[in-house]
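Geometric and topological summary
One letter stands for each residue in the lines below.
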Amino acid sequence: MSEILSSAQMRGIEQQAIASGAVTGLELMERAGAGVVAQIATAFPDLSPSTAVILCGPGNNGGDGFVIARLLHQRGWAIALYLLGDPARLPPDARTNHDRWLKTGPAHPWDDRQIGDRLGAMTSGLVVDGVFGTGLTRPMPPETTHTSQALDALRHRTPSARPRVVAVDIPSGISADSGANLGGAFWADLSVSFHRAKWGHYLEPAGLPEGGAACCGQVAVVDIGLPQDPAPDSVQLVARPAVFLGKSAQGHKYGHGHALVLSGGAGKGGAARLAARAALRVGAGLVTIAAPQPAIAEHAAQLNAIMLTALPDGYSLRGLLQDTRLNALCLGPGLGQSRAQDLVPAALWGRRATVLDADALSAFAEDPPLLFGQLHDKVVLTPHMGEFRRLFPDLSERLHTPAYSKIEAARAAAARAGCVVLLKGPDTVIADPSGRAALHAATGANAAPWLATAGSGDVLAGIIAGLMARGFAPFEAAASGAWLHAAAARAFGPGLIAEDLPEMLPQVFRDLGL
Ligand SMILES: NC(=O)C1=CN([C@@H]2O[C@H](COP(=O)(O)OP(=O)(O)OC[C@H]3O[C@@H](n4cnc5c(N)ncnc54)[C@H](OP(=O)(O)O)[C@@H]3O)[C@@H](O)[C@H]2O)[C@@H](O)CC1
Ligand SMILES: Nc1ncnc2c1ncn2[C@@H]1O[C@H](COP(=O)(O)OP(=O)(O)O)[C@@H](O)[C@H]1O
Ligand SMILES: [K+]
């Protein structure tokens, strides 16, 4: 796991370090610029000095751009530098580096057409985007339209027929907080960020033009000498399961828990079987499907290691839960909304580790507080965006404003629900009521596009239920579950369907060294 920060958190850390006298803003800017130059060499080892177009903006992101221009010039690059805005109004450190640069070369006043034409004519070399970084909260100004369009055109060329595009911190126009394209955003092959990556590098707001995850390219982070203590309220990027997923040599099946997956009626049992199979593969000692009597024959024809029991209604679920060995529940996949309305209260009455997904969430669309009033701290809700909208319409609405991030929405939802919320998507956010949050990004090098297939969410619900049956806490089960789910998809690759996911878990475990 690694920490990722909001722009406000980053500003706080920077200001505190400067105020303490540990470092000056100018030193940070120098290290930032040097870090970008070093990362360019690492990321593109074949790139030899030729022409670099350096685009500088009116804030400190532009200040980094002047440092980069100076350092690249020292390494033999020919520099064409453009400045957006009035040099007299640059903030002090950026102004200092602007003035230093002028001893080496000119800062051309911004000329959107000229820059656009120049970029379009480039077949090699480097473009450095130091226009806006973490300080941008509004759309790109109209003076960058042609530049943005020219960059877009470059993106469609093969890398060998165009310059490399490097973003200082984050591509201009991408919100460092929400990942939203604020309007007219640039893109990059490589984004070099400072101290920690920002939320917006990994978030990809649904229903908006391509955002952070799509536009940042490879994300590199350079140390600029700021204190390493974790920020209060920091968010962790899930890079691997944070818990050891192996089993002890002495364990027996009941030591690994017994998960109960509740199934819908006849002809609707596939989703429950997917979840149950995933719970078993992820290591639950026993897994039982509880189905209405008319669905039993169908399940029996398809199940071996998974057990089966008839369960007509919520009353009988309360009876079944007298067996304290049943320690984790999974409800929702294929359940049907009326059965969900009956079973969810009984399941929550049992106070077991419980995953509520799909119909178990949608069943409460008319009255979300009715659900919230019954939830407890061993529950994980796993909504996709549609289900999230049904339960948290106001938070879902706020997600349309570019400054509001999926991380804040999931945190607010968890606080309201009083349990862990895992908000799905290519960027999956896990949050708990205390404000703890993690982001699993199946984007960039970790992309798992074949997960967009029917039933993959049912498998995720089963993985999480299985991990909770094994005794993992809800937050860890959700975060590790999201990672295992995407790792299984990547291990299978193209052509993946939901049935394949549980079957890839053994390989994923082997790759983890279990
Ligand atoms: N934090 C750190 O530790 C370190 C940070 N560093 C670097 O600083 C960067 C953050 O710098 P930053 O805060 O100065 O903001 P930045 O992204 O340059 O942009 C804001 C400027 O743009 C302006 N502006 C905004 N929108 C506009 C528009 N539509 N049209 C026109 N103007 C607009 C805005 O003006 P204002 O909104 O105030 O009117 C302001 O002047 C960060 O990404 C990193 O690269 C490093 O040096 C090392 C250490
Ligand atoms: N493009 C994508 N990249 C990575 N993961 C994805 C993508 N699309 C969907 N997923 C993941 O696949 C799962 C889909 O779940 P869900 O929407 O509930 O589907 P279903 O209801 O068909 O099971 C979620 O875990 C989600 O995070
Ligand atoms: K930038």
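Residues numbered from 1 in each chain as written. Chains lettered and ligands numbered in written order. Predicted model: local features only at pLDDT ≥ 70, side-chain atom pairs only at ≥ 80, totals over all residues. Heavy atoms only, no water.

- Under the annotation held in an unreviewed UniProt entry, the protein carries the name Bifunctional NAD(P)H-hydrate repair enzyme and is attributed to Sedimentimonas flavescens.

1. Considerations on the site of ligand 2
- Ligand 2 sits among 17 residues. The nearest are Lys424, Gly425, Gly455, Ser456 and Gly457.
- Residue Ala448 places a main-chain N or O atom 3.4 Å away from a nitrogen atom belonging to ligand 2.
- Between ligand 2 and the protein, one listed contact pairs an oxygen atom with a side-chain N or O atom of Ser456 at 3.1 Å.
- For ligand 2, whose accessible area on its own is 570 Å², the fraction buried by protein is 77%.
- Its atoms largely coinciding with the cavity grid, ligand 2 occupies the second largest pocket.
- Of all the elements, helix H17 (residues 456-469) adds the most residues to the shell around ligand 2, at four residues.
- Residue composition of the shell around ligand 2, by class: seven nonpolar, eight polar and two charged. (Near = heavy atom within 4 Å. Polar contact = N/O pair within 3.5 Å; in protein donor to acceptor, adjacent residues only side chain to side chain. Areas by Shrake-Rupley, 256 points an atom, 1.4 Å probe, with all protein chains shown as cover. 1 Å grid on protein atoms, 1.4 Å probe; cavity = no way out; pocket = protein on both sides within 12 Å on 5 of 7 lines; lining within 4 Å. Sits in = over half its atoms within 2 Å of the grid points. Helix = DSSP H or I, 4+ residues; strand = E, 2+ residues; numbered from the N terminus. Nonpolar A, V, L, I, M, F, W, Y, C, P; charged D, E, K, R; others polar.)

2. Considering the side chain of Asp112
- Among the structural elements, Asp112 can be located in helix H5 (residues 112-121).
- Salt bridges are absent for the buried Asp112, whose nearest opposite-charge side chain, Arg113, sits at 6.9 Å.
- In terms of polar contacts, Asp112 uses its side chain to reach the side chain of Thr147, at 2.6 Å.
- Setting aside its immediate chain neighbours within four residues, Asp112 contacts Pro142, Glu143, Thr144, Thr145, His146 and Thr147. (Buried < 20%, exposed > 50% of the residue type's maximum accessible area, 1.4 Å probe, protein only. Lys, Arg positive; Asp, Glu negative; His and termini not counted. Salt bridge = Lys/Arg side-chain N within 4 Å of Asp/Glu carboxyl O. Contact = heavy atoms within 4.5 Å.)

3. With respect to the pattern of salt bridges
- Inspection of the entire model under this criterion finds 15 salt bridges.
- Residue Arg281 pairs with Glu503 through a salt bridge whose shortest N-O separation is 2.8 Å. With Arg281 in helix H8 (residues 270-281) and Glu503 in helix H19 (residues 500-511), the pair connects residues that are 222 residues apart, well separated along the chain.
- Through salt bridges with shared partners, one network takes in Glu30, Arg70 and Arg100.

4. What about the packing of H17 against helix H18 (residues 474-492)?
- Contact geometry of H17 with H18 gives a least axis separation of 8 Å together with a crossing angle of 135 degrees. Classified by the interaxial angle, the pair formed by H17 and H18 is oblique. Handedness of the H17/H18 crossing: right-handed. Contact residues: Ser456, Val459, Leu460, Ile463, Ile464, Leu467 and Met468 in H17; Pro474, Ala477, Ala478, Ser480, Gly481, Ala482, Leu484 and His485 in H18.
- Of the residues in the contact of H17 with H18, the class split is 11 nonpolar, four polar and no charged. (Axes fitted to C-alpha atoms, helices over the stretch in contact; angles between N-to-C directions. Parallel < 35°, antiparallel > 145°, perpendicular 65-115°, else oblique. Left-handed = near helix turned anticlockwise from the far one by under 90°.)

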